[in-house]
Amino acid sequence: MERDPYPFYRTLREGFPLVRDELLGAWLLSRYADVRAALGDTRLGSVDTGLSPAYRGLLEPALRAAAERTAHVLARRIGGRREVDLVAEFSGWLPAAAAAAALGLPWEDAARVHEWCRTGPVPPGGSHPELEGLLRPHVARRRAHPGADLLSALCGARVAGQALSDEAVTGLAGTLLTGGGEATALALASFLANLLDHPAQLDLVRARPGLIPGAWAESLRRDPPAPVVLRRATVPITLGGTTLPAGAAVACLVGSAGRDPFRYADPDRYDIFRPDPAHLAFGAGRRFCLAATLAGLAAECGLRALLDAMPGLRWAPGFRSAPSGLMARAPRALLVRPSQGPF
Ligand code: HEM
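A short tour of the structure in this document, coming up. None of the values given here were measured: they were computed from a predicted structure.

Here is what the cut-offs are and how they apply
Residues numbered from 1 in each chain as written. Predicted model: local features only at pLDDT ≥ 70, side-chain atom pairs only at ≥ 80, totals over all residues. Heavy atoms only, no water. Salt bridge = Lys/Arg side-chain N within 4 Å of Asp/Glu carboxyl O. Helix = DSSP H or I, 4+ residues; strand = E, 2+ residues; numbered from the N terminus. Buried < 20%, exposed > 50% of the residue type's maximum accessible area, 1.4 Å probe, protein only. Core = buried A, V, L, I, M, F, W, Y, C linked by side-chain atoms within 4.5 Å. Contact = heavy atoms within 4.5 Å. Arc of directions from axis to C-beta. Donors = N, O, S within 2.8 Å, 3.2 Å for Na, K, Ca; no water. Pairing = 2+ DSSP bridges. Axes fitted to C-alpha atoms, helices over the stretch in contact; angles between N-to-C directions. Phe/Tyr/Trp six-rings, centres within 6.5 Å; stacked < 30°, edge-to-face > 60°. Lys NZ or Arg CZ within 6 Å of the ring centre and 35° of its normal.

The final tally for this structure, using the stated rule, is 18 salt bridges. The shortest N-O distance in the salt bridge between Arg 112 and Asp 109 comes to 4.0 Å. Here Arg 112 and its partner Asp 109 are both found in helix α6 (residues 107-119), 3 residues apart, which amounts to about one turn of the helix. Looking at Asp 109, the relative accessible area reads 8%, which means it is buried. The salt bridge partner of Arg 259 is Asp 223, with a shortest N-O separation of 3.3 Å. Note that Arg 259 is positioned in the loop between α12 (254-257) and α13 (292-309) and Asp 223 in the loop between α11 (212-222) and β7 (228-233), a separation of 36 residues in sequence.

Okay, here's the thing in structure tokens:
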């Protein structure tokens, strides 16, 4: 299942579109139309993460510049190698390192955050004691001596006339650093794997960078990093003729929805020219991921930097990527040859 949940998803879609899973303690929804409707249903609540749309104007320019810079530094460091694992040396680092660079935090702090994310779940909203402990002294320093970084900007920001509290600043910075539980890092790994599995499409994207956003969306459809989005019914709710009690957990199987043949022709195929790749990887409706643009920025900057630094980027001979994970899914290694010259 961890390796290949797709046969199970198919069984669910075809025979059990709404079914209780005792192991997960939740009702499973697997068809595209049902998942989409549930994600947009305000009677199904979700966790609050503390990132409000009010901060977007502040975050996006700072993060774009940092993501571009960081991606180029990371890519150039490994571009000359004979073989390299892009997860260990690039995609796993880029989101946290770019956020740390934008916030004005030292590299070692990005490394510590990366290690916490790798070794255990970090809840959204920065409610992680070590992460809060790491950020608090930085916030205090910026309050006393503001600089030109994003953390100083957050300390000085006013939303509806009010300055942000220390908790709000740490929560926001924490959310940025952990990148929605490393979802961006996982999505970037799947994106690179899809392109490397399809060298003709990789070459097209190299020649026409305008194709990158479509190629990214198609990868999120086919291989979402968070294939299960959990919601909880706030009131009794009737889905597909079954009434679930208030408090019932509902697992929206986004990974299954993205492969629903009633919604997508030949759904297992990765095709950057798919006419309508509209996917549910970022949710839908009112809770749509507030950082979808930020994640796309990291992916685009990351891929451009790799293509610049690696003129002949291909899989290392004999390597095949293998995605794994049910709740957080991606390949855990991407062994490549940056250039194909003789060694
Ligand atoms: C490719 C990367 C990402 C994916 C696939 C992703 C996925 C999602 C999904 C599925 C939801 C909806 C949850 C629900 O409906 O209950 C969501 C919401 C959210 N995500 Fe992301 N996310 C990503 C990156 C990020 C990043 C980098 C951040 C923060 C910097 C972030 C912050 C948020 C926040 C704050 C919400 C809640 C929005 C709200 O409640 O109004 N996400 N994300």
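So, on to the nonpolar core. If you look at the biggest cluster of nonpolar residues, it comprises 49 residues, and the most contacted ones within it are Leu 86, Phe 90, Phe 191 and Val 205. Taken together, the elements giving at least two residues each to this core come down to α3 (56-79), α4 (86-91), α5 (94-103), α9 (166-197), α10 (199-207), α11 and α13. Contact partners of Phe 191, with chain neighbours within four places excluded, come to Ile 212, Ala 215, Trp 216, Ser 219, Tyr 270, Ala 299 and Leu 303. Counting residues in hydrophobic clusters, the runner-up holds 29 residues, among them Ala 110, Cys 117, Leu 131 and Leu 297.

Turning our attention to α10. Every buried residue belonging to α10 is among Gln 201, Leu 202 and Val 205, and all of these are buried. End-on view of α10: buried residues confined to an arc of 105 degrees, all on one side of the axis. Opposite the buried face of α10, by more than 90 degrees, sit the exposed residues Ala 200 and Ala 207.

Even without being glycine, Asp 266 reaches a positive phi, approximately 45 degrees. Within the secondary structure layout, Asp 266 lies in the loop between α12 and α13. The exposure class of Asp 266 is partly exposed, given its relative accessible area of 45%.

One donor from the polypeptide reaches the iron atom of the ligand: Cys 289 (SG), at 2.3 Å. Along the chain, the position of Cys 289 falls in the loop between α12 and α13.

Read from one edge to the other, the open sheet built from 5 strands follows the order β1-β2-β10-β7-β3, with strand pairing classed as mixed. If you trace the sheet from one side to the other, it starts and ends with β1 (18-21) and β3 (44-45), each paired once. Across 3 bridges, strand β2 (residues 26-29) lies against strand β10 (residues 249-253) in parallel orientation. In the strand pairing of β10, Leu 29 is matched with Cys 252. Running over the sheet, helix α2 (residues 32-39) touches β2, β3, β7 and β10 and is turned about 130 degrees from β10.

Inspection of every chain in the model, using the stated rule, returns 6 aromatic pairs. With a centroid separation of 5.2 Å and 50 degrees between ring planes, the pair formed by Trp 315 and Phe 319 is classed as tilted. Judged by its relative accessible area of 14%, Trp 315 falls in the buried class. The residue whose ring lies beneath Arg 221 is Tyr 264, and the NZ or CZ to ring-centre distance is 5.0 Å. We note Arg 259 situated over the ring of Tyr 6; from NZ or CZ to the ring centre the distance is 3.8 Å.

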